[in-house]
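Per-entry structural report
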Amino acid sequence: MRVRRGAGVAATAVLLVLLAACSEPAAREEPDPAPDSTTEPTAEPTEPASTVPVADPAHAVDPPGERDGRLWSADILVQWDKAIDDELLEKIEALEGVAHTERIGLGQVSLENRVLTVASVDPGRYRNFTQAQVADFQEAWDRVAGGELAIDRTVAKRLADTAGMIRLGPEDDAPELHVGAYTPQVPTIDMVVNTAWAEDIEMATDNGLLISTDRKTPASIRKPLERLVGKDASVQMLDVASRIGLDPDAKLTAVPTGGTLGSVVGTFRYRVLGGGRIAPDPAWVSANIRTEVVPILGSVTCHKDLFPQLRAALLEVQQRGLSDAIDPGQYAGCYYPRFIADTTTLSNHSFGLALDINTRGNQRGTVGEINRDVVAIFKTWGFAWGGDWRWTDPMHFELAEVKRAG
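Residues numbered from 1 in each chain as written. Predicted model: local features only at pLDDT ≥ 70, side-chain atom pairs only at ≥ 80, totals over all residues. Heavy atoms only, no water.

An unreviewed UniProt entry annotates the protein as M15 family metallopeptidase of Nocardioides cavernae.

This is the structure:
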């Protein structure tokens, strides 16, 4: 069973290099604000360095120590929906052009309608695939080993609360992690945790593989690699992703984590189209997407598992005399297979698990005009409301908990 866990971190000990505190305010004395890999050194220590305090002993792994070995370029990322087969891994490593590999766990979490990729890693080995300034940012990897999260500052700014905590999922009991460090990430990975968190986040520890081709062009081994890993694996060229956000030639895979999203969506495979659109696997669409009639809104297209709760919520709205509080003419859709505007990030609309209603007067960043009794009814039926988010989206409701009528 998953539990939410806070982080009790004491003041940061003297480091090899003293780091300036982050500019964002903290709402409590502990834990310390996340250090930033871009912060310049301010002084040399006069006392021997000591280790960073462990934030969460229940989710800690052995500290990595100082970085060992050479750095490797993160050139290709492969993702499966199951553990990598040892025999297959040997064949991949024997391919001409494969210089080095690292097994990691990959999963997708839904955070405020943004489906983000989290990697569970061995901090000591994974760091050698990151940029030099990140790989040598010792405090960041000590904090990840101690149970905290490493994340890009831009992503964290949208999601972290004033105490620096991020809840990895829409459920009330989803795990909460403290942001331990702001660091640039490997392309297509949004955040990094250690492997001790994988069980609570309900994700794998070895369904992903980072590959370095060193001085060989990654695209030169694409075809033989794809033949080896099979059609169900996602093979992304990270040199392409670093330039344009995603590899347009890759068949991408999302393996949502968490009790609700994971059980409802399963493995979601898709290809990137132009104009921000995606093409989900037709077999997944056929098995999961339906068009049905519901109270008030009429005919809508959503994930089949959304309909029982959507229908129950709208029926209760009707029974309580609140039908006029929802305008069918301002319904903006449910299943919408495309990225969030101006990003390469999936939303829950891609799975048909979210809907937008009463668009006029409920724009992003506002408190919204939607009837709060309607909001309460939707919450009762297992929906999360975008009006509760740090950057509000009051027209938006998404499935957060599976419930059944009666």
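Still to come is the rest of the account.
1. Looking at the overall build of the protein
Secondary structure summary: the protein contains 12 helices and 17 strands in total. In the protein, buried positions account for 52% of the 406 residues. In the protein, once contacts between residues fewer than 6 apart in sequence are set aside, the share between residues at least 24 apart is 70%. Just so you have it, the protein exposes about 17700 Å², and 49% of that area is on carbon and sulfur atoms. (Helix = DSSP H or I, 4+ residues; strand = E, 2+ residues; numbered from the N terminus. Buried < 20%, exposed > 50% of the residue type's maximum accessible area, 1.4 Å probe, protein only. Contact = heavy atoms within 4.5 Å. Areas by Shrake-Rupley, 256 points an atom, 1.4 Å probe, with all protein chains shown as cover.)

2. Here we look at the pairing of strand E6 (residues 176–182)
Summarising burial for E6: seven of the seven residues are buried, a large majority. For strand E5 (residues 165–167) and E6, the ladder comprises three bridges, and the chain directions are antiparallel. When the sheet's bridge partners are listed, arginine 167 is paired in E6 with glutamate 176. (Pairing = 2+ DSSP bridges.)

3. Overview of unusual backbone geometry
Unusually for a residue other than glycine, glutamate 112 sits at a positive phi of about 50°. As for its placement among the helices and strands, glutamate 112 is situated in the loop between strand E2 (100–111) and strand E3 (114–121). Despite not being glycine, threonine 188 shows a phi value in the positive range, around 75°. Mapped onto the elements, threonine 188 comes out in the loop between E6 and strand E7 (191–194).

4. With respect to helix H1 (residues 86–93)
Of all the positions in H1, only Leu88, Leu89 and Ile92 are classed as buried. An end-on view of H1 places all buried positions within 100° of arc, on one side of the element. Among the exposed residues of H1, those oriented more than 90 degrees off its buried face are Glu87 and Glu90. As for H1, its buried residues are in contact with E2, strand E8 (208–212) and helix H7 (222–229). By the N-cap criterion, in which a side-chain oxygen at the helix start approaches the backbone nitrogen of a residue two or three places on, H1 is capped by aspartate 85, the distance to glutamate 87 being 3.0 Å. (Arc of directions from axis to C-beta. Polar contact = N/O pair within 3.5 Å; in protein donor to acceptor, adjacent residues only side chain to side chain.)

5. Some remarks on empty space enclosed by the protein
By the definition in use, this model includes one cavity of 30 Å³ or more. A volume near 70 Å³ is recorded for the largest cavity. (1 Å grid on protein atoms, 1.4 Å probe; cavity = no way out; pocket = protein on both sides within 12 Å on 5 of 7 lines; lining within 4 Å. Points joined across faces, edges and corners; volume = space filled by probe spheres on them.)

6. Points about the sheet that holds strand E15 (residues 354–356)
Within the open sheet, the three strands sit side by side as E15-E17-E16. Their pairing is antiparallel. At either end of the open sheet lies a strand with only one pairing partner, and these are E15 and strand E16 (383–385). The average undirected angle you get between the axes of adjacent strands in this sheet is 25°. Sheet contacts for helix H12 (residues 372–380): E16 and strand E17 (396–399); angle to E16, the most-contacted strand, approximately 140°. (Axes fitted to C-alpha atoms, helices over the stretch in contact; angles between N-to-C directions.)

7. Regarding the confidence of the model for the protein
Overall, the predicted model of the protein reaches an average pLDDT of 86, with 86% of residues at or above 70. Across residues 1–31, confidence stays below pLDDT 50; counting only partners more than four residues off in sequence or on other chains, it has 91 contacts. Within the model, the stretch residues 40–50 combines pLDDT values under 50 with 16 contacts to residues more than four positions away or in other chains. (pLDDT = per-residue confidence, 0-100.)

8. With respect to the environment of arginine 103
Among the structural elements, arginine 103 can be located in strand E2. In this structure arginine 103 comes out as partly exposed when scored by relative accessible area, which is 28%. Sequence spacing of arginine 103 and alanine 83 is 20 residues, and the spatial spacing of their C-alpha atoms is 9.6 Å. Within the local environment of arginine 103, its side chain forms a polar contact with the side chain of aspartate 86, the two groups lying 2.4 Å apart.

9. A look at helix H11 (residues 307–319)
Because an α-helix completes one turn every 3.6 residues, residues spaced three or four positions apart along the sequence face the same direction. The end-to-end C-alpha distance of H11, which contains 13 residues, comes to 18 Å, matching closely the 18 Å that a straight helix rising 1.5 Å per residue would cover. On its buried side, H11 packs onto strand E13 (289–294), strand E14 (298–303), E15, H12, E16 and E17. (Expected span 1.5 Å × (residues − 1).)

10. With respect to the pairing of E14
Across six bridges, the pairing between E13 and E14 is antiparallel. Pairing of valine 293 across the sheet is with serine 299, part of E14. Between E13 and E14, which pair antiparallel and follow one another directly, the connecting turn spans three residues, one of which, isoleucine 296, has a positive phi of 70°.

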